[in-house]
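One letter stands for each residue in the lines below.
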Amino acid sequence: EGNALVTGFFDALITGHGLLSNLKTLEASASIQTLEVKLREQEVHNGQPIEIRYAGQRLNILNLALESGDSRFQISGALPLHADAPSGDLTLRAHLNLDAIGNLLPTANSLNAQGIVELNGKIKGSLARPEPSGLLSLRHGQLKIKGRPSPLENLSAELEMESGLMSVKSLS
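The text that follows walks through the structure, step by step, so that each part is easy to find. Quick caveat: nothing in here was measured; it's all calculated off a predicted structure.

In this structure, I32, I50, I61, L64, I75, L79, L90, L92 and I123 together form the largest nonpolar core, which totals nine residues. Counting residues per element, the ones that place at least two in this core are β5 (58-68), β6 (71-80) and β7 (88-97). Ignoring sequence-local partners within four residues, the contact set of I61 consists of E51, I52, I75, S76, G77 and L90.

Dropping the structure here:
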């Protein structure tokens with residue numbers, strides 16, 4: 001452990017078969033009953049068993065739910081690897097308390113973010129050509145930047161993504 005960036009443990013059953021030289025033949029599944037990690041001193045664990053499958057060049061996430069304090073992130077659905085395959089659809093949902101998960105942010109040393117971020121989104125298309133859409137909101141935001149005397153307070157925002165374009169619905 002020592003100075004490791006990530007520590008923890010997991011209990012998983014991973015199976016698969018196929019030729020590594022031919023992705024079309026690969027099939028694999030992972031069932032992770034327990035996942036408990038500490039990443040940058042922040043504890044993260046699964047709220048329920050994680051189930052992921054890969055077959056026919058398609059990634060199928062039956063359930064992937066992670067929690068850290070009162071923050072949650074969940075993803076489910078399927079996406080093909082190649083753009084010419086039938087389109088897939090992943091659903092993303094998140095409730096993030098920035099104050100509680102601030103250590104996970106790569107900018108944790110230079111800024112301190114607080115507030116609640118909500119994400120309700122989808123990714124359609126393929127892993128090669130993703131088409132993200134959804135709504136991202138920030139409530140009760142505060143941003144303290146190292147070297148600046150006063151924080152930015154009472155921040156709120158709503159961002160919407162559709163057809164590859166991000167629009168700001170509200171910002172204050």
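Across the seven residues that make up strand β11 (residues 165-171), only a small minority, zero, are buried. Here strand β10 (residues 152-162) runs beside β11; their pairing, made up of six bridges, is antiparallel. Looking across to β11, one finds that E162 is bridged to L165. The turn joining β10 and β11, which pair antiparallel and follow one another in sequence, is formed by two residues; a positive phi near 55° is taken by S163.

Time to look at the pattern of salt bridges. Under the definition given, this model contains two salt bridges. Put simply, D89 and K122 hold a salt bridge, and the shortest N to O gap is 3.9 Å. Of this pair, D89 sits in strand β7 while K122 sits in strand β8 (residues 111-125), and the two are 33 residues apart along the sequence. Here K122 falls in the partly exposed class, since its relative accessible area comes to 30%. Across the pair E118 and R139 runs a salt bridge, and its minimum N-O distance is 3.3 Å. With E118 in strand β8 and R139 in strand β9 (residues 130-145), the pair connects residues that are 21 residues apart, well separated along the chain. With a relative accessible area of 37%, R139 lands in the partly exposed category.

Criteria and cut-off values
Residues numbered from 1 in each chain as written. Predicted model: local features only at pLDDT ≥ 70, side-chain atom pairs only at ≥ 80, totals over all residues. Heavy atoms only, no water. Core = buried A, V, L, I, M, F, W, Y, C linked by side-chain atoms within 4.5 Å. Buried < 20%, exposed > 50% of the residue type's maximum accessible area, 1.4 Å probe, protein only. Helix = DSSP H or I, 4+ residues; strand = E, 2+ residues; numbered from the N terminus. Contact = heavy atoms within 4.5 Å. Pairing = 2+ DSSP bridges. Salt bridge = Lys/Arg side-chain N within 4 Å of Asp/Glu carboxyl O.

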